[in-house]
Amino acid sequence: SGDWSGFDCDVVCVSFALVSIMSFEVVKNIIILASDGTRICSKYYGAQAQLTNEAQREWEKKLFSKTQNTSSSIILLDNDIVVYRTVSDVYFYVSGHPDENEVMLEAILGALCDTLGFSLKETPIEHRSLLEHYDLVLLTLDELVDEGLIFETDAKTIDSRMVLGLEDEGLAAIPKALPLSDQQQQELQRTINKVSTGLAGQLKQFAANWN
Amino acid sequence: MGSRFEKKDDDEYFMPFQGLEKGIVLQEKRIFSEAPINARKCSALITKLLWLLAQGDKFTKGEATDVFFAVTKLFQSKDIPLRRMMFLMLKELSTMSDDVIIVISSLTKDIISKVDLYRANAIRVLARIADNSLLPQVERHLKQAILDKDPHVASAALVSGIHLMDTSADLVKRWVNEVQEALNSKHTMVQYHALALMYQIKQHDRLAVSKLVMSMVRNSPRSPFAHTLLIRFACEVLEDGASGEQAQALNDYLESCLRNKSDMVMYEAARAISNRRNVTAKELTPVVSVLQLFLSSPKPTLRFAAVRTLNKIAMTAPLSVVSCNLDMENLIADSNRSIATLAISTLLKTGSEASVDRLMKQIGGFMGDISDEFKIVVVDAIRTLCIKFPQKHRTLMSFLSNILRDEGGFEYKKAIVNTILEVVNVIPEAKELGLTHLCEFIEDCEFTYLSTKILHLLGSEGPATATPSKYIRYIYNRVSLENAYVRASAVSALAKFGARLEQMRPNIVVLLRRCQHDSDDEVRDRATFYLKVLEGKDPQLTPDLILAPFTLPLANLESSLNEFLQGPTDAPFNIGAVSTFIEPPKPKEATPSLTRKGPKTAGPSGGVTPAANDQPVDDAAKYSAQLGAIPQFAKLGKLFRSSSPVELTESEAEYLVSCVKHIFPQHVVFQFNCKNTLNEQQLERVQVRMASVSGDALTIESQVPADVVPYGPTAVPSYVCVRRDSEAPMTGTFSCTLKFMVKEVDPSTGDIDDFGIDDEYQLEDVELATSDYTRKAMVANFQEEWDKLGDEGEIVETFNLSTMKSLQDAVKEIIQYLGMYPCDSTEQVPPKKTKHILYLAGRFVGDVPVLARCRMKSGGEGQGVDLELTVRSPSADISQVLASAI
């Protein structure tokens, strides 16, 4: 109001341009960080893909410092809405426009973690295992989101599209012959003996009846 | 990463990829060319390259291209997992390499391959690579892929279509039949992608969009994702003005989504309905119930979503949200501070006066735990609350002063200070308390901006309080402890106390003398000036000099000073001659935001891009430069005003002519822009002959014809310059005839016939009115300027405007006749008024300031409007001219 005019410092009016967002590009970025905040993998989509690596790392640093050691799973940061989840020593983040449906972002985050869990099978999700199966991380992201658009969210479907189960490593993981412990061998022997004794008796019986 | 793995084997110390270097990895690319292809080694190398890219390692264009080419060798491999990685690699490199189109044929082969996975991924890579020249060759395959029985392939084609809408919309639009069929796909994601693409194809056809939405609503989509899209589309159709049965069906659909089994859909519907314009309390009830359910959900995201939306609803319909207050109070203790803050902010909007104290206590408990962004949200809510419940200002002010003393960044502190300033301004009883809090704050304030702002406030408000002397200590402390900016502000504040309160003046003078020894020029200068005034030795220097606000528009002062410096500087600069009239801002038009992809989400969007339709400043500068370059007009003086172009021909005429009137101090220049729309003609020596029909006679001083007006879209100007013989502005109606020589042109060869025929073409008349000689101007304070001009040059006339239907019509007409700018929003006649006063400001040719006061009385239905017009300017003649314009 008029009473405050003529300040020594001019009041700088900042106007916020409300930019309408495009609903098809749901995801602005997906980020996976280690427990010390270092990047495991991150994908930026749309306008954010044009940011420099430094700017992206700056954002990851800020995101990490704000979300580290918190139990909550959603944050509004610098005009982005971010849902996140910690699994073991890994932080997963999915960001979208502040007006985006956060429940939908959460669904994408859930799909990401579920798929990795499903595809890694017995191996737990942790920093090391994600690096060891880095191709799996890359392919999961690629099958989950295409340039910010949701591509597929069903863990089993994504897993089948990654075809990594056929990979040599996957085959190598199944030993060709199972080495048995002594106890197991004895056990097996006993079973075989039992079955063959039984079979022999039955054969005798059969022969007797035949005659 | 050491400690975690210390107990393990030595080789496990090293994480995979540790110490990986780009240069070395790039050298390995020859592995791709080895025969036979070693799938395992190639996959591992691709993973390493992708790791480097994901870490932000930059590949030069050369490096990227080399790798890209090497990777294309892998098209020969039959190993499906390797091929999958190859596609990923190609996609990543496609944006940074040269000559990526060489893979088009390999990709096309894959698109018609029998392996689903090849088809899907080849499509995705292709959509990245193909440009408008290549796309037509492969488009057929993409179109077929939409109906592929494998959902992976169909989705890939549809999503690629969505991306391609940016660059090749026309081509994608041809897939409409296939996309339509895909809408019925039994695969949920295919249907979702088809819906998104279909909308994009149809989005500029409102009828088609509404048809699409109606048919989807009837059949209900399969996945929650598709529902969220459909909800957004449905809202758009409703906002576009759907009515009757259609609106009913859409509203029913939205409401049914509130009962969907998916949280995502329920929430999307809830926020979509709450965001509708003119949403009623009845419509909000089921929405609030859904959100209330979410408030107690174990999932933080749902709680956040609910409280965020309720907070937004509370801004416009706080009563609808009251039923959730109890649930929200529980959320104040939520472990997610964002949720807690939003809950508080909502409660502050919906709470009653009685709950303020309790709420403030609860908030105080957690302010330390939240980030500045959220603190600002809370401060904002407190400001609203304070203005809503002025009696509670004591509680709220003490809360604000407490948080002002806590740690916090600049934006946060600024928000608090601004809130206190506003509260002090609105609630007089809060003033002294507020000033005291602010005084304490500047004792320990690290932000120069805030300190100077507060010192200014103390200077203007402090002297009027009951005990002004108590502020002096706070202010003077700043002089001894702060940086130069703050010291200068403090000196100004002190001087205001001295100027306002005579009994304090001697003490202030003593303090100001000390400031004269300051190390900073500005501080010393201010102190010296104020001392001169306050010591009262020079009768011309009155304390008013310190107290009166500086009202001169700075832009005017600047241009006056510049003008002064260009002329002789023997005489001192006269600040009184600086005009207080400023150019009014042009109304800014809101253009609808361009939707690039899909509709707006249900959020509070609605982008408004300011786009000035015409820019008077630029036009004036442009005309001024154009006319100045013509020798005949170089000496006419400063261009005062240019009218907007007036069309003198029908829009479908053979020759299109428009006229711009340029007013100079002693002349009027008519600029005729001529456009030739006949391709078998060229016009030469084009000029306009003018003659007076009514009004003043014409004294034509010079004419500048257009030498050649060829066929084409560009208008070529010709000019007629007329001298104004009397002081009074020349007005009247003038007939115009276009005179020219026609030469025939052969449109096919462009050959021009040497022989020309003189011809004429009758144009419409040009009017020159008083309003052409006035320029709109704006004044900060109409009454002040009115008094300043005085009644010497005043002319009063009364009229009966019998043709006016209403006061509002009269206002519009008067503004048009006088060509002046309405002040103090008087161009708006309040409804049902029978009397109105319109204030107008402007400048007359010669830069003479003119003001007009129009008192109007409506004579009732059909009686017209009575007008008393009072015009003031420095010259009665000019006032008379304007008064006669009506």
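Thresholds applied
- The numbering scheme is per chain: residues are counted from 1 as the chain's sequence reads.
- Here every chain gets a letter starting at A, and every ligand a number starting at 1, in the order they are written.
- Selection of residues for local features in this predicted model requires a pLDDT of at least 70, selection of side-chain atom pairs for listing and counting requires 80 or more, and totals for whole chains, interfaces and linings are taken over all residues.
- Excluded from the side-chain calculation are hydrogens and water; included are all heavy atoms of the structure.
- Strands pair, by our definition, only if DSSP identifies at least two bridges between them.
- A run of H or I in DSSP counts as a helix once it spans at least four residues, and a run of E counts as a strand once it spans at least two, with each numbered from the N terminus.
- Ring pairs are drawn from Phe, Tyr and Trp, using the six-membered ring of Trp, whenever the two centres fall within 6.5 Å, and their geometry is named by plane angle: stacked under 30 degrees, edge-to-face over 60, tilted for the rest.
- Relative accessibility under 20% of the residue-type maximum defines a buried residue, over 50% an exposed one, and the middle range a partly exposed one, all with a 1.4 Å probe and only protein chains included.
- For every residue, the pLDDT score states the predictor's confidence, bounded by 0 at the bottom and 100 at the top.
- In what follows, a contact means two residues having at least one pair of non-hydrogen atoms within 4.5 Å.
- One less than the residue count of a helix, multiplied by 1.5 Å, gives the span that helix is expected to have.
- Two N or O atoms count as a polar contact when they lie within 3.5 Å, although within protein this holds only if one can serve as hydrogen donor and the other as acceptor, and sequence-adjacent residues are included solely when both atoms are side-chain atoms.
- Two distance rules govern patches: like charges are joined within 9 Å, and nonpolar side chains (Val, Leu, Ile, Met, Phe, Trp, Tyr) within 5 Å, applied only to residues with over 30% relative accessible area and no salt bridge.
- Residue burial considers only the protein chains on display, and all accessible areas are found by Shrake-Rupley using a 1.4 Å probe.
- Within this document, salt bridges are pairs made up of a side-chain nitrogen of Lys or Arg and a carboxyl oxygen of Asp or Glu, the two lying within 4 Å of each other.
- The pocket and cavity definitions rest on a 1 Å grid over protein atoms only: a 1.4 Å probe that fits but cannot leave marks a cavity, an open set with protein on both sides within 12 Å along at least five of seven lines marks a pocket, and residues lining either have an atom within 4 Å of a point.
- Grid points are joined across faces, edges and corners, and a volume is the space filled by probe spheres set on the points.
- By the convention adopted, Pro, Cys, Tyr, Trp, Phe, Met, Ile, Leu, Val and Ala count as nonpolar, Lys, Arg, Asp and Glu as charged, and the other residues, Gly among them, as polar.
- Charged residues are defined here as Lys and Arg on the positive side and Asp and Glu on the negative side; His and the ends of the chain fall outside this count.
- Positions of charges follow a simple convention, taking NZ of Lys, CZ of Arg, CG of Asp or CD of Glu.
- Put simply, buried Ala, Val, Leu, Ile, Met, Phe, Trp, Tyr and Cys residues joined by side-chain atoms within 4.5 Å make one nonpolar core.

*Asks:* What's the story with the pairing of strand β7 (residues 681-695) of chain B in this structure? I'm lost.
*Replies:* Looking along a regular strand, one sees side chains alternate from face to face of the sheet. Pairing of β7(B) with strand β11 (residues 732-745) of chain B involves 12 bridges; the strand directions are antiparallel. In the strand pairing of β11(B), B:Val688 is matched with B:Leu738.

*Asks:* Explain the packing of aromatic side chains here, please?
*Replies:* The geometry of an aromatic ring pair is captured by the separation of the ring centres together with the interplanar angle, meaning the angle of the planes. In total, this model carries 24 aromatic pairs over all chains according to the counting rule given. Centre to centre, the rings of A:Phe64 and A:Tyr91 are 5.2 Å apart; their planes meet at 75 degrees, and the pair counts as edge-to-face. Here the residue A:Phe64 occupies a position in helix α1 (residues 53-67), and A:Tyr91 occupies one in strand β5 (residues 90-96), the gap between them amounting to 27 residues. Side by side, A:Phe64 and A:Tyr91 carry an identical accessibility label, which is buried. Centroid distance B:Phe410 to B:Tyr449: 5.7 Å. Interplanar angle 80 degrees. Geometry classified as edge-to-face. Of the two residues, B:Phe410 sits in helix α24 (residues 410-426) while B:Tyr449 sits in helix α26 (residues 448-461), which places them 39 residues apart along the sequence.

*Asks:* How should the confidence of the model for chain B be read in this particular structure?
*Replies:* Low pLDDT marks regions whose predicted coordinates should not be analysed in detail. All names here are of chain B. Averaged over chain B, the pLDDT score is 85; the fraction of residues at 70 or greater is 93%. Counting contacts from residues 1-11, a segment whose pLDDT is below 50, to residues more than four positions away or on other chains yields eight contacts. Here residues 587-617 scores under 50 on pLDDT; set against residues more than four positions off or in separate chains, the count is 72 contacts. Across the interface, the model reports ipTM at 0.73; the global pTM reads 0.60.

*Asks:* Help me understand the side chain of B:Ser320 in this model?
*Replies:* Residues and elements named next belong to chain B. Topologically, serine 320 is positioned in helix α18 (residues 318-321). We classify serine 320 as buried; its relative accessible area is 17%. Each residue touching serine 320, except ones within four places of it in the same chain, is listed here: Ala281, Leu284 and Val288.

*Asks:* Would you explain helix α20 (residues 337-350) of chain B in this entry?
*Replies:* Note that an α-helix has 3.6 residues per turn; residues three or four places apart therefore point the same way. All names here are of chain B. Compared with the 20 Å implied by 1.5 Å per residue over 14 residues, the 20 Å span of α20 between its first and last C-alpha is a close match. With 13 of its 14 residues buried, α20 lies for the most part within the structure. Here α20 starts with a cap whose side-chain oxygen sits 2.9 Å from the backbone nitrogen of serine 338, and that cap is asparagine 336.

*Asks:* How should a nonpolar patch on the surface be read in this particular structure?
*Replies:* All names here are of chain B. Together, Phe550, Leu554 and Ile575 give the surface a local cluster of nonpolar side chains, amounting to about 340 Å² of exposed area. Considering the arrangement of structural elements, one finds isoleucine 575 in the loop between α32 (554-566) and β1 (589-592). Residue class for isoleucine 575 comes out partly exposed when judged on its relative accessible area of 46%.

*Asks:* Just to check I follow, could you spell out the environment of A:Leu112 for this structure?
*Replies:* Residue and element names in this part refer to chain A. You can see leucine 112 is positioned in helix α2 (residues 102-120). Of the residues examined, leucine 112 reaches a relative accessible area of 1% and is grouped as buried. Residues leucine 112 and leucine 144, spaced 32 residues apart in sequence, show a C-alpha to C-alpha distance of 7.2 Å. Every residue in contact with leucine 112, bar those within four places of it in the chain, is listed here: Ile30, Phe92, Thr140, Leu141 and Leu144.

*Asks:* Is there a simple way to explain empty space enclosed by the protein in this structure?
*Replies:* One simple way to see leftover space: roll a probe sized like a water molecule over the atoms. Evaluation of the coordinates by the stated rule reveals one cavity of 30 Å³ or more. Taken as a whole, the largest cavity holds about 50 Å³ of empty space. If you trace the largest cavity, you find it lined by A:Phe24, A:Leu149, A:Ile150, B:Ile162, B:Tyr192, B:His193, B:Ala196 and B:Leu229. Counting only elements with at least two residues in the lining of the largest cavity, the list comes to β7 (149-150) of chain A together with α11 (188-202) of chain B. Of all the elements, α11(B) adds the most residues to the lining of the largest cavity, at three residues. Across the lining of the largest cavity, the residue classes tally to seven nonpolar, one polar and no charged.

*Asks:* Is there a simple way to explain a negative patch on the surface in this structure?
*Replies:* Taken together, B:Glu650, B:Glu652, B:Glu764, B:Asp765 and B:Glu767 make up a surface patch of like negative charges. Structurally, the position occupied by B:Glu767 is in strand β13 (residues 766-768).

*Asks:* Would you take a moment to explain the pairing of strand β19 (residues 865-872) of chain B for this structure?
*Replies:* Residue and element names in this part refer to chain B. Of all eight residues in β19, six are buried; the element is thus mostly enclosed. Relative to β19, strand β15 (residues 795-801) runs antiparallel, the two being bridged by seven bridges. The residue bridging valine 796 from the neighbouring strand is threonine 870, located in β19. Bridge analysis of strand β18 (residues 848-858) against β19 gives eight bridges, and the strand direction is antiparallel. Its bridge partner lying in β19, arginine 853 is registered against threonine 870.

*Asks:* Is there a simple way to think about the nonpolar core in this case?
*Replies:* Soluble globular proteins tend to bury their nonpolar side chains together. If you look at the biggest cluster of nonpolar residues, it comprises 251 residues, and the most contacted ones within it are A:Phe92 and A:Leu130. Ranked by size, the runner-up nonpolar core spans 59 residues in total, among them B:Phe640, B:Leu838, B:Leu869 and B:Val881.

*Asks:* Would you take a moment to explain the pattern of salt bridges for this structure?
*Replies:* Opposite charge on two side chains lets them pair, provided their charged atoms get close. Here the structure, examined in full by the defined rule, presents 51 salt bridges over all chains. Its salt-bridge partner being B:Arg128, residue A:Glu147 comes within 3.2 Å of it at the nearest N-O pair. Taken as a pair, A:Glu147 in the loop between β6 (145-146) and β7 and B:Arg128 in helix α6 (residues 116-129) lie in two separate chains rather than in one. A relative accessible area of 28% places A:Glu147 in the partly exposed class. Judged by its relative accessible area of 32%, B:Arg128 falls in the partly exposed class. With a closest N to O distance of 3.5 Å, B:Glu255 and B:Arg259 form a salt bridge. Note on B:Arg259: relative accessible area 60%, which makes it exposed. Ionic contacts of the salt-bridge type, sharing partners, join the residues A:Asp142, A:Glu143, A:Asp146, B:Arg84, B:Lys91 and B:Arg124 into one network.

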